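Descriptive structure summary
Chain by chain, the residues:
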Amino acid sequence: MIGLNDGCDVDIAEGIELFEIKNLKYKSILNVEYLNIPDRKITCIVGESGSGKTTLLRHLNNLISQDSGQILYKGVDIESMNPISLRRQVVMAPQNPVVFNGNVRYNLIIGLMFSEKPMVNDDVLKRWMDLVHLNKGLDESIDKFSGGEKQRLCLARILVLEPEVLLLDEPSSALDEDTEYLVVNNIVTYAKDNGKTVVMVTHSKSVAQRYGDVIITIDKGRVSDVEQKEGAI
Ligand SMILES: Nc1ncnc2c1ncn2[C@@H]1O[C@H](COP(=O)(O)OP(=O)(O)OP(=O)(O)O)[C@@H](O)[C@H]1O
């Protein structure tokens, strides 16, 4: 059942905090006193390997629950929200792509099949594939896909769902630099044009500088820096 506090109908002004994190502690991995993530902006999370970036991202759609503290989404404590309702609005593309036996079409629509959203036709699927520069046929088997192709397939599967918030964990880690820029550029452009919020973990400082409205640096589980681009918010 979708609860009253599921955040679906709450409309907030662009740039106002979409997520607010207060005194979050998780094992010895995360210790975040305060952090906010603005609505309809591109927030990049950077930091050394093992600093806690993925763990922070996984908290935002309640894939992990904090030991203490609070995360608010549109002012609502996510612990009080129906997790399914939350994850329909806040969708994560994990670092290691998950693919399913079958063809490209099946891999693209499998998320839709479990959502309450209407099915889309092949033309729409092809448009999402173009957006992530995946030049494959919908009937092709994914058996022989490279790591980078699987990664783009997974990104397209998330985009098909058109969620309010895209949590992207190293979305271009398996891509060469040129493809990385093309794909990230297209996703960012789509998000900006359609009022979506992106929270992206990236190893690439240049990607963060180029696309992030806000750049959050995590160091040993703590927020060590928040850079806000001039005029971004
Ligand atoms: N479920 C868990 N239980 C215990 N330790 C964990 C768990 N998940 C992650 N860790 C540890 O927490 C730390 C942070 O992991 P996390 O994956 O969040 O880092 P990261 O900054 O995303 O790293 P990378 O850039 O290498 O992906 C690491 O030391 C990791 O080994």
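Conventions and cut-offs
- Counting starts from 1 at the beginning of each chain's written sequence and moves along it residue by residue.
- Local features in this predicted model are restricted to residues whose pLDDT is 70 or higher, and side-chain atom pairs enter the listing and the counts only when it is 80 or higher, whereas totals over whole chains, interfaces and linings include all residues.
- Derived side-chain values reflect all non-hydrogen atoms in the structure, with water molecules and hydrogen atoms excluded from consideration.
- Only DSSP runs of H or I with at least four residues qualify as helices, and only runs of E with at least two residues qualify as strands; both kinds are numbered from the N terminus onward.
- Our radius of gyration is a C-alpha quantity, and the globule rule it is checked against amounts to 2.2 Å times the number of residues to the power 0.38.
- Under the scheme applied here, a residue whose accessible area is under 20% of the maximum for its type counts as buried, over 50% as exposed, and between as partly exposed, the area being computed with a 1.4 Å probe on protein chains only.
- The contact criterion used throughout is that any non-hydrogen atoms of two residues lie within 4.5 Å.
- Residue burial considers only the protein chains on display, and all accessible areas are found by Shrake-Rupley using a 1.4 Å probe.
- Charge counting follows a simple rule: Lys and Arg are positive, Asp and Glu are negative, and His as well as the terminal groups are ignored.
- One atom stands in for each charge, and that atom is NZ of Lys, CZ of Arg, CG of Asp or CD of Glu.
- Patch members must show over 30% relative accessible area and no salt bridge, and they are joined within 9 Å when carrying like charges or within 5 Å when they are nonpolar side chains of Val, Leu, Ile, Met, Phe, Trp or Tyr.
- Definition used for salt bridges: Asp or Glu carboxyl oxygen within 4 Å of a side-chain nitrogen of Lys or Arg.
- The term polar contact refers here to a pair of N or O atoms within 3.5 Å; inside protein, the definition further demands a hydrogen-donor-capable atom paired with an acceptor-capable atom, and it admits residues adjacent in sequence only when both atoms are side-chain atoms.
- Lines fitted to C-alpha atoms define the axes here, with helix axes fitted over just the stretch in contact, and angles between the N-to-C directions of these axes take values from 0 to 180 degrees.
- For classification, angles of less than 35 degrees are called roughly parallel, those exceeding 145 degrees roughly antiparallel, those between 65 and 115 degrees roughly perpendicular, and all remaining angles oblique.
- The nonpolar class holds Ala, Val, Leu, Ile, Met, Phe, Trp, Tyr, Cys and Pro. Asp, Glu, Lys and Arg form the charged class, and all remaining residues, Gly among them, are polar.
- When DSSP finds two or more bridges between a pair of strands, those strands are recorded as paired.

Looking up the chain in an unreviewed UniProt entry gives the name ABC transporter related protein, with the organism given as Mahella australiensis.

Things to note about the overall build of the chain
A tally of helices and strands in the chain yields seven helices and ten strands. In terms of C-alpha radius of gyration, the chain reaches 17 Å, essentially the compact-globule figure of 17 Å for 233 residues. Considering only C-alpha atoms, the chain reaches an extent of 50 × 40 × 35 Å along its principal axes. Looking at the chain as a whole, 50% of its 233 residues qualify as buried. Put simply, of all contacts in the chain between residues at least 6 apart along the chain, 67% involve residues at least 24 apart. Just so you have it, the chain exposes about 11200 Å², and 46% of that area is on carbon and sulfur atoms. Each charge class in the chain can be summarised by its mean position, and for the 26 positive and 34 negative side chains these summaries are 3 Å apart.

Details of a nonpolar patch on the surface
Taken together, Val-98, Phe-100, Tyr-106, Met-113, Phe-114 and Met-119 make up a surface patch of nonpolar side chains, about 580 Å² in accessible area. Counting through the fold element by element, Met-119 comes out in the loop between helix 3 (104–113) and helix 4 (122–131).

Regarding the side chain of Asp-39
Along the polypeptide, Asp-39 turns up in the loop between strand 2 (30–38) and strand 3 (42–47). At 2.8 Å, the side chain of Asp-39 forms a polar contact with the side chain of Arg-40.

A short note on the packing of helix 4 against helix 6 (residues 177–193)
At their nearest, the axes of helix 4 and helix 6 sit 9 Å apart, and the two run at 125° to each other. Of the possible angle classes, the one that applies to helix 4 and helix 6 is oblique. Note on element contacts: helix 6 touches helix 4 through Asn-186, Ile-187 and Tyr-190, opposite Trp-128, Asp-130 and Leu-131. Across the contact of helix 4 with helix 6, the residue classes tally to four nonpolar, one polar and one charged.

Re the side chain of Ser-115
Turning to its location among the elements, Ser-115 is positioned in the loop between helix 3 and helix 4. For Ser-115, a relative accessible area of 17% translates into the label buried. With residues up to four places along the chain from it excluded, the contact list for Ser-115 reads Arg-88 and Leu-161.

Re the sheet that holds strand 1 (residues 17–26)
In space, the four strands of this open sheet follow the order 2-1-4-5, with antiparallel pairing throughout. Each having just a single partner strand, strand 2 and strand 5 (76–77) make up the two edges of the open sheet. Strand direction decides the pairing type here: strand 1 and strand 4 (residues 68–73), joined by five bridges, are antiparallel. Counted as the bridge partner of Phe-19 is Tyr-73 from strand 4. Across the sheet, helix 1 (residues 53–60) lies against strand 1, strand 2 and strand 4, angled at about 120° from strand 1, the strand it touches most.

Notes on the pattern of salt bridges
Evaluation of the coordinates by the stated rule reveals nine salt bridges. Taking the shortest distance from any N to any O, the salt bridge between Lys-74 and Glu-164 comes out at 2.8 Å. Separated by 90 residues along the polypeptide, Lys-74 in the loop between strand 4 and strand 5 and Glu-164 in the loop between helix 5 (147–160) and strand 7 (165–169) bring together distant segments of the chain. On the basis of relative accessible area, Lys-74 is assigned to the buried category, the value being 10%. With its nearest N and O atoms 2.8 Å apart, the salt bridge here joins Asp-213 to Lys-192. Taken together, the residues Asp-213 in the loop between helix 7 (205–211) and strand 9 (214–219) and Lys-192 in helix 6 connect sequence positions 21 residues apart. Given a relative accessible area of 9%, Asp-213 falls into the buried group. Linked through salt bridges whose partners overlap, the residues forming this network are Arg-105, Asp-122 and Asp-139.

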